[in-house]
Amino acid sequence: MATTDDNTTTCATVTKTPKKTNLLDPHSIKHVLDETVNEIVLARGYKEDNTMSNIRLFLGTIIIAVALVAQFYPKKFPENKEFLICCIVLYPFICSWLN
């Protein structure tokens, strides 16, 4: 908080209008709380960083690609046994990075 000459305190401008929500819906309450916290944090000068979310989305895409390749590989089961083993080992390894 910054102090002005006449000893009044000012803080970052945040929307002071009350937000309405359905109090019987927990998802709606969480959404309003998340929006309010986001507004307060951004108003105090912090920047939003989505790097970790983007990494998780990229790893999830890789997992899906591995599963699709394992499912639709052109050879039948006895011939592609080694390839399927690699995909099965790779899948939990990448999933562990998501957590």
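Per chain, the residues get numbers from 1 upward, laid out in the order the sequence is written. In keeping with the model being predicted, local features are shown solely for residues with a pLDDT of at least 70 and side-chain atom pairs are shown and tallied solely at 80 or more, while totals for entire chains, interfaces and linings include all residues. Based on all heavy atoms of the structure, the side-chain values leave hydrogens and waters out of the count.

- Going by the annotation in an unreviewed UniProt entry, the name recorded for the protein chain is Signal peptidase complex subunit 2, with Papaver nudicaule given as the source organism.
- UniProt positions are given in the numbering used here, feature names are shortened, and annotations may be inferred rather than shown by experiment. Under the UniProt heading Sequence similarities (unreviewed entry), the note attached to the protein chain is "Belongs to the SPCS2 family."
- The record held by UniProt for the protein chain lists under Subcellular location (unreviewed entry) the comment "Endoplasmic reticulum membrane".

Points about the state of the cysteines
So, step 1. Cysteine sulfurs are considered disulfide-paired once they come within 2.5 Å of each other. In the structure shown here, the tally under the stated rule is zero disulfides.
So, step 2. Distance from the sulfur of C86, which forms no disulfide, to the nearest cysteine sulfur (C87) is 7.0 Å.
So, step 3. For every residue, the accessible area (1.4 Å probe, protein chains only) is compared with the maximum for its type, and the residue is labelled buried under 20%, exposed over 50%, or partly exposed between those bounds. C87 gets classed as buried once you look at its relative accessible area, which sits at 10%.

A closer look at the confidence of the model for the protein chain
A low pLDDT score tells you not to read the predicted coordinates there in detail.
So, step 1. Summary of the metric used: pLDDT quantifies the predictor's per-residue confidence within the range 0 to 100. This prediction gives the protein chain a mean pLDDT of 80; 85% of its residues lie at or above 70.
So, step 2. Should any heavy atoms of two residues lie within 4.5 Å, those residues are considered in contact. Within the model, the stretch residues 3–10 combines pLDDT values under 50 with seven contacts to residues more than four positions away or in other chains.

With respect to the UniProt feature "transmembrane region" (unreviewed entry) in the protein chain
So, step 1. In this structure's numbering, the residues bearing the UniProt feature "transmembrane region" (unreviewed entry) are residues 57–74.
So, step 2. With 83% helix and 0% strand, residues 57–74 has end C-alpha atoms that lie 27 Å from one another. Secondary structure elements follow DSSP: runs of H or I of four or more residues count as helices, runs of E of two or more count as strands, with numbering from the N terminus.

Structural notes on helix α1 (residues 26–43)
So, step 1. Under the 1.5 Å per step criterion, the end-to-end length of α1 is 26 Å for 18 residues, consistent within 8% with the ideal 26 Å.
So, step 2. Following α1 by one or two positions, G45 has its phi on the positive side, about 100 degrees. Helix span, expected: 1.5 Å multiplied by one less than the number of residues in the helix.

Thoughts on helix α3 (residues 81–98)
So, step 1. Here α3 spans 27 Å end to end across 18 residues, near enough to the 26 Å set by a 1.5 Å rise per residue.
So, step 2. Buried residues of α3: L84, C87, I94 and L98, and no others. An end-on view of α3 places all buried positions within 95 degrees of arc, on one side of the element. Exposed and oriented more than 90 degrees from the buried face of α3 are E82, C86, I88 and V89.
So, step 3. Residues of α3 that are buried sit in contact with α2 (51–71). The directions considered for the arc are those from the helix axis to the C-beta atoms.

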